[in-house]
Amino acid sequence: MEDRENAKKRLVFVTVGTTSFDALVKAVVTQHVQDELLKRGYTHLLIQMGRGTFFPTKCDGADGSLVVDYFTFSSSIADHIRSASLVISHAGSGSIFETLKLGKPLIVVVNEDLMDNHQCELAEALEERKHLYYTRPHTLHQTLTKMELESLVPYTPGDGTPVARIIDRFLGFPDD
C-alpha cells in the first residue's frame, strides 16, 4: 500500500536557504497557492524554512488537501530536490544551480528584503533562457497559474576545464 502511495506522491520542495524568508513560506501556504498546487496534481509540500520565525501549520492531507511538513535545516538538500516534482527556491545561486543540474523544474522567488542585484539578475537571465520561472512572494500564485513546465529548457552546465587549465598554467602547474 505504501509503495502505491509513494508512486502517486508529487512533492513540491520549498527552500529558503540559511536565512529567514518568511514571505516565501507564507506565500506557499496560502490557500490560493495550495489550491493551485493540488489542481496541478501535487500532493505534498515540504518546506525548508531556515531561520524563519513563521511556522506553517503541518497537515496530513487526510481531508484531500496537500500534505504539509517543514524543517529548519539539513546538511544537504540534494535528496529533497531529487525527490521533488517541483522546486520553489530562494534566489541563491547554489540552490538554483543545484536544482537545475538535477533537472528539476524550478520557480525562483527573490527575497526583496535581502535582494542583491546579482540574485535578481541571475534569476532574470535564467528565466529569459527558459531554464526556470522567476517571481516574487506576492506574485507566486500568478506564476503557478501561468507556468507551463513543458516549455522549460534543460540547463546544461558549462565546462570549466579550459578556465582551470589557464589558472593552473598561470600558477605554474604542469599540464596533465
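Coordinates for the structure precede this section.
As the structure is a prediction and not an experimental result, all values here were calculated from the model.

### Remarks on the pairing of strand β5 (residues 106-109)
No. 1: Of the two faces of β5, both are covered, the one formed by Leu 106 and Val 108 as well as the one formed by Ile 107 and Val 109.
No. 2: Pairing of strand β4 (residues 86-89) with β5, which is carried by three bridges, proceeds in the parallel orientation. Bridging from a neighbouring strand, Ser 89 pairs with Val 108 of β5.
No. 3: You can see the chain leave β4, run along helix α5 (residues 93-101) and come back into β5, and the turn it takes is right-handed.
No. 4: The pairing of β5 with strand β6 (residues 133-135) spans three bridges and is classified as parallel. The residue of β6 that forms the bridge with Ile 107 is Tyr 133.

### Re a nonpolar patch on the surface
No. 1: On the surface, Val 163, Ile 167, Phe 170, Leu 171 and Phe 173 cluster together to form a nonpolar patch covering roughly 570 Å² of accessible area.
No. 2: Secondary-structure assignment places Phe 173 in the segment after α8 (161-170).
No. 3: Judged by its relative accessible area of 47%, Phe 173 falls in the partly exposed class.

### A short note on the nonpolar core
No. 1: In terms of nonpolar packing, the biggest core is built from 26 residues, with Leu 45, Ile 88 and Leu 140 touching the most fellow members.
No. 2: For this core, the secondary structure elements donating two or more residues are β1 (11-15), α2 (22-28), α3 (31-39), β2 (44-48), β4, β5 and α7 (140-146).
No. 3: In terms of residue count, α2 provides more of this core than any other element does, four residues in total.
No. 4: Setting aside its immediate chain neighbours within four residues, Leu 140 contacts Leu 24, Ala 27, Val 28, Val 33, Ile 88, Ile 107, Val 109 and Thr 135.
No. 5: Formed by 19 residues, the second largest nonpolar core is a distinct cluster that contains Ile 81, Ala 84, Cys 120 and Leu 126.

Definitions and cut-offs
- Residues numbered from 1 in each chain as written.
- Predicted model: local features only at pLDDT ≥ 70, side-chain atom pairs only at ≥ 80, totals over all residues.
- Heavy atoms only, no water.
- Buried < 20%, exposed > 50% of the residue type's maximum accessible area, 1.4 Å probe, protein only.
- Helix = DSSP H or I, 4+ residues; strand = E, 2+ residues; numbered from the N terminus.
- Pairing = 2+ DSSP bridges.
- Right-handed = clockwise from strand over helix to strand, strands pointing away.
- Patch = residues over 30% accessible without salt bridge, like charges linked within 9 Å, V, L, I, M, F, W, Y side chains within 5 Å.
- Areas by Shrake-Rupley, 256 points an atom, 1.4 Å probe, with all protein chains shown as cover.
- Salt bridge = Lys/Arg side-chain N within 4 Å of Asp/Glu carboxyl O.
- Core = buried A, V, L, I, M, F, W, Y, C linked by side-chain atoms within 4.5 Å.
- Contact = heavy atoms within 4.5 Å.

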